[in-house]
Amino acid sequence: MKELIIKYLTTLLLICGLFLQSNAQQSASDVWKDYDPRAEDLNIEVIKKWENNYGTIEYVRYSVGKLEGTNRSANPIMAAYFGYPKEAKNVPGIVHIHGGGQKAEKSRVETWMKMGYACISINWGEKPFENGLPNTEWDGLAVGFLGKAEGLGFENKVMPREHTLYKEENPFNSSWVPISISARRAITFLEEREEVDPNRIGVEGHSMGGFATVMTATDDRIKAVAPSVGGSGYLMNDMWGLPKSKRHMREDQGLALYQKTIASHAYWPLIKTPILFLGATNDFNSPTENIIKSMSLLPEGTENMLVLTPHLNHRFTEETNAARFLWMDAHVKGDFKFPKTSSSELKLKTKKGVPVFTVEVDKSTGLPIEKVEIFYGYSRDPRNRFFHTAANVTEKKGKYSAECPVFDVDEPLFAFANITYKIERTIPSYPGKEETNFFTISSEYQIAYPDALKTAKVKATERRHAVIDDFSDDMQDWYTLFRHNYRHWFFGTRKLMDPCFMGPEGGKLQIQLETTEANNKVAIGIETNTWQNYTGRRKENFYVVVNLPEKGLNTITLTAEDFRTNGKKPLKDWDEITELTICPASNIHNSMKVEQKWEGDTPTMKSMKWIGGDYSKWRRIYPHEKRGDASVQKTISFDNEFQDAINKSVSNEDLDQQLK
């Protein structure tokens, strides 16, 4: 009887222990309160070592540490590139965390070496990057990108499955925790290297690496962090005015625990180290307003900076990208004075009823100001929002102002300024970016919702325009990729989804461009309903391939029906456009692709406008609005569109490497 009682109590204690263990972490602080990244030996292996023009690079592996749960235990090993400048001694160190579909970057390590840093780039995604050499081993855990068919692929949620640490709902079941552990162990790696000053370490990461950077930023050994396009909170919440726009995770999939322990907005209130967030206004992974909301959670006194790149998705210009390196120079290396965030105001009550945005540019550093640009836009969905560049910016006593005319007082108004400074040092080139002596940062971001616009008696003074672009300001309303590569150039704009430039009913699209060789073929693409799955419609791509017979000015006139999907379905009208693109016809990936390569220089855009059509309706229906159309298409899975966006980003970054 005594043995049965003891056995019963033992079983009861075990069950209670497991319950407490799996339910102990109910906040982001709980996840890390008992974790010590220095507790276990790193067991470092230097597998390969070589010299280059910038210093020494090592291909290394280190122990992530023993991870134990109720379902399994694991002893993962992390592979990485580690590099340091010639004769390095007590130099600052950087941990680089790659993004989704990517791998550790030797070129990234070399960039930091050029700037006087040691850098370790961890290969948490376990994609092979050194043929024949031992790679990252997750030891049976679902974390990286390999083994998806066997259930070993990346796991976002906290719920248990075969290859997670716990049989119960637990934050350690999410791959994000082991990834952050790997980054924290990389900090320990830098601390132990004689080349590195253990008191000067920063962390940066892109996309999924940005998410991991935000999660890792609570480590008190870090002097500064710089996540990019990853790490925004509130992704499981609807965006303003867009029901069902949130990313989907059900309550029975562990949503409540995920929101408290894994979601980025659970970490922003804990970050005390200086943080710069590098964003893109149309980013699919970090919607702008979500980042604004997350950054507002930072503890009072935490130095922070927002940098937004207009018109781009998951990419940056040389000047906005440079800000991240200078942030580390200021807060990790300690040899640069970084400007403060420029204060701004969006004044709604004006004599003309037209809102005015004003920015007071920070001049505390004494750095020369190269330019100040003011941007404003209307779309509820930041992923599709077109930002107008304000005309007639005026300056008075260090304050720059411009009108931001409104098209519709029932829609919100968003505005910010970008300030570009000139610096004496040079941010070095690397794949996809040229060297630069300028950097750009953003002002305070302003939002005015319809109630505020109406209360202030703002007038809808903006109108629809037949002229979409005369290119008098070059490509300022576009984003361009590989612009100076005559075989791979790519132009894109979201201007046609803006209410001011939406196509009239029955109108034709006319484009003029100039070429240096005759008989090239160009592909003009239209993407509809991007990220509009919450409306009941799916994204579709339509193309038309056009021959350009002239050496010089070519004029193209197109109807909506000229654009076709890969399955030959015609575009019905201009209403649902979210993006227009132009590129060589040899570079598209569907049945319309031609083998003929582009010849001559990258073309020069001359004009784009609507010809004819009916403008009688005061506005066309907005892309985010639902149609009363019985032929509404089936909604495409958000996950599918998200994966497609990742694939496009990785493809462009691979091309960056090839075209360096």
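Everything here concerns the structure above.
Now for a quick tour of the structure.

About the cut-offs
- Residues numbered from 1 in each chain as written.
- Predicted model: local features only at pLDDT ≥ 70, side-chain atom pairs only at ≥ 80, totals over all residues.
- Heavy atoms only, no water.
- Helix = DSSP H or I, 4+ residues; strand = E, 2+ residues; numbered from the N terminus.
- Buried < 20%, exposed > 50% of the residue type's maximum accessible area, 1.4 Å probe, protein only.
- Polar contact = N/O pair within 3.5 Å; in protein donor to acceptor, adjacent residues only side chain to side chain.
- Contact = heavy atoms within 4.5 Å.
- Salt bridge = Lys/Arg side-chain N within 4 Å of Asp/Glu carboxyl O.
- Pairing = 2+ DSSP bridges.

## A word on unusual backbone geometry
And then number 1: Located in the positive-phi region is aspartate 139, a residue other than glycine, with phi close to 55°.
And then number 2: Tracing the sequence through the fold places aspartate 139 in the loop between β7 (118-122) and α4 (176-192).
And then number 3: Its relative accessible area of 41% is what places aspartate 139 among the partly exposed residues.
And then number 4: Positioned with a positive phi, lysine 244 is a non-glycine residue whose angle comes to about 70°.
And then number 5: Inspection of the secondary structure assignment puts lysine 244 in the loop between β9 (224-228) and α6 (255-261).

## Concerning the side chain of threonine 320
And then number 1: Mapped onto the secondary structure, threonine 320 falls in helix α8 (residues 318-333).
And then number 2: For threonine 320, a relative accessible area of 2% puts it in the buried group.
And then number 3: Among the polar contacts listed, one links the side chain of threonine 320 to the side chain of threonine 309, at a separation of 2.9 Å.
And then number 4: Once residues within four sequence positions are removed from consideration, threonine 320 is found in contact with Leu278, Val307, Leu308, Thr309 and Thr440.

## Some thoughts on the pattern of salt bridges
And then number 1: A complete count under the given rule lists 30 salt bridges for this structure.
And then number 2: Between glutamate 110 and lysine 106 there is a salt bridge, and its shortest N-O distance comes to 4.0 Å. Taken as a pair, glutamate 110 and lysine 106 lie in helix α3 (residues 106-114) at a separation of four residues, close to a single helical turn.
And then number 3: Taking relative accessible area as the criterion, glutamate 110 reaches 17% and is therefore assigned buried.
And then number 4: Lysine 569 is the salt-bridge partner of glutamate 540, the closest N and O atoms lying 3.1 Å from each other. Of the two residues, glutamate 540 is situated in strand β26 (residues 540-548) and lysine 569 in the loop between β27 (552-558) and β28 (577-584); the sequence distance between them amounts to 29 residues.
And then number 5: Members of the salt-bridge network, linked through shared partners, are Arg38, Glu191, Asp219 and Arg221.

## Side note on the pairing of strand β25 (residues 520-528)
And then number 1: Taken across its nine residues, β25 has eight buried, putting it largely inside the fold.
And then number 2: In terms of strand pairing, β25 meets β26 through nine bridges, oriented antiparallel. Residue pairing for β26: glycine 525 is matched across the bridge by tyrosine 543.
And then number 3: Of the pairings in the sheet, the one linking β25 to β28 comprises seven bridges and is antiparallel in character.

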